[in-house]
There are 2 protein chains.
Amino acid sequence: MQIAIPLFDRFTALDAIGPYQVLSGVPGAQVRFLGPEVGPVRADNRMLTLLAGERWEDLPEPDVLVVPGGVGTRMLLRDERLLDWVRGAHESSRYTTSVCTGALVLAAAGVLDDLEATTHWMERELLGELGARPTPRRVVEQGKVITAAGVSAGIDMALRLVELLTGPEVAQAIQLGIEYDPQPPFDSGSPEKASAETVELVRAVMGQLEVEAETDAATAG
Amino acid sequence: MQIAIPLFDRFTALDAIGPYQVLSGVPGAQVRFLGPEVGPVRADNRMLTLLAGERWEDLPEPDVLVVPGGVGTRMLLRDERLLDWVRGAHESSRYTTSVCTGALVLAAAGVLDDLEATTHWMERELLGELGARPTPRRVVEQGKVITAAGVSAGIDMALRLVELLTGPEVAQAIQLGIEYDPQPPFDSGSPEKASAETVELVRAVMGQLEVEAETDAATAG
């Protein structure tokens, strides 16, 4: 089973690595990180670099597609090269999935037209503008299309995906293998649960990151 | 604030990326991935490669040390070059931490002598043999030394660490930023909660991975 995780400049690392850690435990599964080119791909905060061993097009028919998010997705919404690859991969995939703002890429490719879908809570409105029906659920299944909410939601989505692919026994074993028995020290993991001050703080900080990314991209060409 | 995450051959990716994703959100923090040499470092399952921008010794006095785990830790327990660096970093660190079997490395360096500590549930016995007092808690704080249980526990540990470093407001904002409102589809994330069959399955698979890693290491050198 071939699992494609496309990388791109300014992806969010945990969006990709959470599902990778879960899915790589499926017997016979091979997770492949694909880049715009073979070589280094830098994460959103510039502190982490992954190596893409292949280009997006090198895996045209993956069994499973997992599109991560990150501020870099904004630059992908008009990247016909990536969107064409996504459309092609989706045609033959068993499952087409996204984490966080990876849903914006699926939507821009037309995969989410008129489907319920989720994304990072700050981007629900944009997801709707791109043709999906945004919902605030953490994992949204619509046939073979599965979207996960922000960043860490990819872990929950991937465990459900393993259940769909191979049954609950393997999914539960993987959960135990990564000791996923979450005990967050706070309960502020969604805008419905966090304080208004926390929501405002995150909006301010993440808005600033987007401005920086767009300025960088404009400067770079 | 300088945060060091040492990488090594056959590390477990989520052990490193979970805390990185949380800690990189702290204002002014710089997370630095350090390798045995500058260049690519491959994860335990050979499906992922990170780039280390610096060598371990290039950051001798980090403010925070986060040692990830993975089957590769077995080869580190007698690696005096790494252990010396860990001892030196621990001398001046504000916090010395580990995720999963990264605790075995801290123990081998003498950092956990007579301290309570946690690790991946399969390795509690070995952690005791290395001089620590193993406990089954998910996050164990002993002064400036904090250990986390297997793999995904690094996310919980890192949120607590952010609270200690900068207060609960920032920690809660980061939790909301990564939408960490976990909703695993099963409740088998610890050996106390999983079925006996699941525990046995994981023991068998992970035992096999360790044998493969040790065979590879023996062949390679």
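Residues numbered from 1 in each chain as written. Chains lettered and ligands numbered in written order. Predicted model: local features only at pLDDT ≥ 70, side-chain atom pairs only at ≥ 80, totals over all residues.

### Quick word on the sheet that holds strand E6 (residues 64–67) of chain A
Residue and element names in this part refer to chain A. The criterion, for reference: Pairing between strands requires that DSSP locate at least two bridges from one strand to the other. Per the convention used, a helix needs a DSSP run of H or I reaching at least four residues, while a strand needs a run of E reaching at least two, with both numbered from the N terminus. In this description, a residue-residue contact is defined by the distance between C-beta atoms placed from the backbone, which must lie within 7 Å. Fitted lines through C-alpha atoms give the axes, limited to the stretch in contact for helices. The angle between two N-to-C directions lies from 0 to 180 degrees.
Within the open sheet, the seven strands sit side by side as E5-E2-E1-E6-E7-E11-E10. Their pairing is mixed. Two strands in the sheet have a free side with no partner beyond their single neighbour: strand E5 (54–55) and strand E10 (139–142). As defined by bridge partners, E10 adjoins strand E11 (residues 145–148) across four bridges and the pair is classed as antiparallel. Bridging across to E11, glutamate 141 finds its partner in isoleucine 146. In this fold helix H1 (residues 13–23) packs onto strand E1 (2–6), strand E2 (30–35), E6 and strand E7 (95–99), with an angle of close to 170° to the strand it touches most, E1.

### So, the packing of helix H5 (residues 153–166) of chain B against helix H6 (residues 168–177) of chain B
Residue and element names in this part refer to chain B. For clarity, the cut-off: Note on convention: the crossing is left-handed when the near helix lies turned anticlockwise from the far helix by less than a right angle, right-handed when the turn is clockwise. Each residue gets one of three labels, nonpolar for Ala, Val, Leu, Ile, Met, Phe, Trp, Tyr, Cys and Pro, charged for Asp, Glu, Lys and Arg, and polar for the others, Gly among them.
Viewed as axis vectors pointing N to C, H5 and H6 meet at an angle of 145°, and their least axial separation amounts to 7 Å. The hand of the H5/H6 crossing is right-handed. In contact with Leu159, Val162, Glu163 and Thr166 of H5, H6 contributes Pro168, Val170, Ala171, Ile174 and Gln175. Residue composition of the contact of H5 with H6, grouped by class: six nonpolar, two polar and one charged.

### Overview of the relation of the copies chain A and chain B
For clarity, the cut-off: Least squares is used to superpose the copies, and the fit set is the C-alpha atoms of residues whose pLDDT is at least 70 in both copies.
Its rotation angle being 180°, the transformation that places chain A on chain B also includes 0.0 Å of axial translation and leaves an RMSD of 0.0 Å. What the superposition gives is, in effect, a two-fold axis relating one chain to the other. Minimal C-alpha separation from the rotation axis in chain A is found for Leu50(A), amounting to 2.3 Å. Take the interface residues of chain A: 100% of them recur as interface residues in chain B, which is what a same-surface contact looks like.

### Concerning the environment of Arg78(B)
All names here are of chain B. For the record, the criterion: Around each residue's C-beta, the other C-beta atoms within 10 Å are counted; 20 or more make the residue buried, 12 or fewer make it exposed, and counts in between make it partly exposed. All C-beta atoms are placed from the backbone.
Relative to the helices and strands, arginine 78 resides in the loop between strand E6 (64–67) and helix H2 (80–92). Here arginine 78 falls in the exposed class, since 9 other C-beta atoms lie within 10 Å of it. Separated by 107 residues in the primary sequence, arginine 78 and proline 185 place their C-alpha atoms 40 Å from one another.

### Observations regarding the confidence of the model for chain A
Parts of the model with low pLDDT should not have their predicted coordinates read in detail. Quick note on the threshold: Scored from 0 to 100, pLDDT reflects the predictor's confidence in each residue.
On average, residues of chain A score 96 in pLDDT, and 99% of them are at 70 or above. Two numbers describe this predicted complex: its pTM, 0.97, and its ipTM, 0.96.

### Points about the packing of H1(A) against helix H1 (residues 13–23) of chain B
The packing of two helices is summarised by the inter-axis angle and the distance between the axes. Rules: Put simply, angles under 35 degrees are roughly parallel, angles over 145 are roughly antiparallel, angles from 65 to 115 are roughly perpendicular, and the rest are oblique.
One way to put it is that H1(A) packs onto H1(B) with a least axis distance of 10 Å and a crossing angle of 150°. Between H1(A) and H1(B), the interaxial angle falls into the category roughly antiparallel. For the pair H1(A) and H1(B), the sense of crossing is left-handed. Where H1(A) approaches H1(B), its residues Ala13(A), Leu14(A), Ile17(A), Gly18(A), Tyr20(A) and Gln21(A) are matched on the opposing element by Ala13(B), Leu14(B), Ile17(B), Gly18(B), Tyr20(B) and Gln21(B). For the contact of H1(A) with H1(B), the class distribution of residues is eight nonpolar, four polar and no charged.

### Some details on unusual backbone geometry
Phi is positive for Arg10(A), which is not a glycine, with a value near 70°. Secondary-structure assignment places Arg10(A) in the loop between E1 and H1. Backbone geometry at Arg46(B) places phi at a positive 70°, although glycine is not the residue there. Looking at the secondary structure, you find Arg46(B) in the loop between strand E3 (39–42) and strand E4 (49–52).

### Here's the deal with helix H6 (residues 168–177) of chain A
The element H6(A) is extensively covered by neighbouring structure, given that eight of its 10 residues are classed as buried. Along H6(A), the residues classified as buried are Val170(A), Ala171(A), Gln172(A), Ala173(A), Ile174(A), Gln175(A), Leu176(A) and Gly177(A).

### Here's the deal with the interface of chain A and chain B
On the side of chain B, 57 residues touch chain A, which itself brings 57 residues to the contact. Among the secondary structure elements, those contributing two or more residues to the side of chain A that touches chain B are H1, E2, strand E4 (49–52), helix H5 (153–166), H6 and helix H7 (196–220) of chain A. Among the elements that make up the side of chain A that touches chain B, the one with the highest residue count is H6(A) (seven residues).

### Focus on the pairing of strand E11 (residues 145–148) of chain B
Residue and element names in this part refer to chain B. In E11, alternate side chains face the same way, and those of Val145 and Thr147 on one face and Ile146 and Ala148 on the other are all buried. Here strand E7 (residues 95–99) runs beside E11; their pairing, made up of four bridges, is parallel. Bridge pairing in E11 links threonine 96 to valine 145.

### Description of the sheet that holds E11(B)
Pairing between the strands of a sheet comes from backbone hydrogen bonds, and it takes one of two forms, parallel or antiparallel. All names here are of chain B. Spatial strand order, E5-E2-E1-E6-E7-E11-E10: seven strands in an open sheet with mixed pairing. Edge positions in the sheet fall to strand E5 (54–55) and strand E10 (139–142), since each of these pairs with one other strand and no more. The pairing of strand E1 (residues 2–6) with E6 spans two bridges and is parallel. By the bridge assignment for E6, isoleucine 3 is matched with valine 64. In the packing of H1 onto the sheet, the strands contacted are E1, strand E2 (30–35), E6 and E7, and the crossing angle to E1 comes to about 170°.

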